[in-house]
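Spelled out from the first residue to the last, the chains are:
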Amino acid sequence: MSQSPTDWPAHLDAVIAAPQHHRLVMENERTRVLETIIRPGETTAVHTHCWPAVTHFLSWSDFIRRDGEGKVMLDSVAAGVRIDAGQAAWTTELGPHTLENVGLDVLHVITVEFKPGP
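Each chain carries its own residue numbering, running from 1 in the written order of its sequence. Where local features are concerned, this predicted model is filtered to residues with pLDDT of at least 70; where side-chain atom pairs are given and counted, the filter is 80 or more; whole-chain, interface and lining totals use all residues. Calculation of side-chain values draws on the structure's entire complement of heavy atoms; hydrogens and water are dropped beforehand.

1. Side note on a nonpolar patch on the surface
The grouping of Val54, Trp90 and Phe114 at the surface amounts to a nonpolar patch, some 290 Å² of accessible area in total. Runs of H or I in DSSP of at least four residues are treated as helices and runs of E of at least two as strands, each being numbered from the N terminus. Position of Trp90 relative to the elements: it lies in strand β7 (residues 88–91). Buried means the residue's accessible area, taken with a 1.4 Å probe over protein chains only, is under 20% of the maximum for its type, while exposed means over 50%, and partly exposed covers the values in between. The exposure class assigned to Trp90 is exposed, which follows from its relative accessible area of 55%. The patches reported here contain residues having more than 30% relative accessible area and no salt bridge. Joining distances are 9 Å for like charges and 5 Å for nonpolar side chains (Val, Leu, Ile, Met, Phe, Trp, Tyr). For every accessible area listed, the method is Shrake-Rupley and the probe measures 1.4 Å; residues are considered covered only by the protein chains on display. The working definition used for a salt bridge is a side-chain nitrogen of Lys or Arg within 4 Å of a carboxyl oxygen of Asp or Glu.

See the structure below:
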C-alpha cells in the first residue's frame, strides 16, 4: 500500500531535498510555485511533491522517473511521452522519486501546486 502525502517526511520536500534543481518562486496558504531546472545528465535527489499541480513546460527533455527504491516509474522515451514547450500538464501528488534527464536539452518547468483548502 502506498503512503499518502501526509506520511511523507518533510525533509523530502522538493525544495528541501533537491534545492539544486527546485527553486521556490512564490508560496501562500493555497498555492506554491516552483521552478525546476534539470540539465542533461543530471539526476535529482530523492524528493516528493505533496500536492496536485499544473506543470508548464518552458523546455522539454526526455527523462526517467524512479521511485525512492530506484524502480522505474516512467521512462518518457519508452512511454512515447513528449510535451512541447509552452504546453502544460496536470500532475497528481508524487511520492519519493528521482528524475534523471536522459535527453539532450534542459528540462525547465514552472509548477503551480495546489494546497488543500482550510
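2. Focus: the nonpolar core
Core analysis: the largest hydrophobic core is formed by eight residues, namely Ile38, Phe57, Trp60, Phe63, Ile83, Leu99, Leu107 and Val109. Note on contacts: a residue pair is in contact if any heavy atoms of the two residues lie within 4.5 Å. Not counting residues up to four positions away in its chain, the partners in contact with Val109 are Leu34, Glu35, Thr36, Thr55, His56, Phe57 and Leu58. Throughout this description, the term nonpolar core refers to a set of buried Ala, Val, Leu, Ile, Met, Phe, Trp, Tyr and Cys residues connected via side-chain atoms within 4.5 Å.

3. Let's talk about the environment of Asp105
For Asp105, the location among the structural elements is in the loop between β8 (94–101) and β9 (107–114). Taking C-alpha positions, Asp105 is 7.7 Å from Ser59, a pair spaced 46 residues apart along the chain. Leave out the neighbours within four places in its chain, and Asp105 touches Ile38, Pro40, Trp60 and Ser61.

4. Considerations on the layout of surface pockets
The calculated volume of the largest pocket comes to roughly 380 Å³. The method works on a 1 Å grid over the protein atoms by themselves. A cavity is a set of points holding a 1.4 Å probe that cannot get out, a pocket is an open set with protein on both sides within 12 Å along at least five of seven lines, and residues with an atom within 4 Å of a point line them. Together, 25 residues line the largest pocket, and Thr55, Arg65, Thr91, Leu94 and Leu99 are the ones closest to its centre. When residues of the lining of the largest pocket are assigned to their parent elements, the largest contribution, four residues, is made by β9. Following the grouping adopted for this structure description, the nonpolar residues are Ala, Val, Leu, Ile, Met, Phe, Trp, Tyr, Cys and Pro, the charged ones are Asp, Glu, Lys and Arg, and the polar ones are all others, Gly among them. Of the residues assigned to the lining of the largest pocket, the class counts are 14 nonpolar, nine polar and two charged. Grid points are joined across faces, edges and corners, and a volume is the space filled by probe spheres set on the points.

Taken by themselves, the reported measurements are silent on function.
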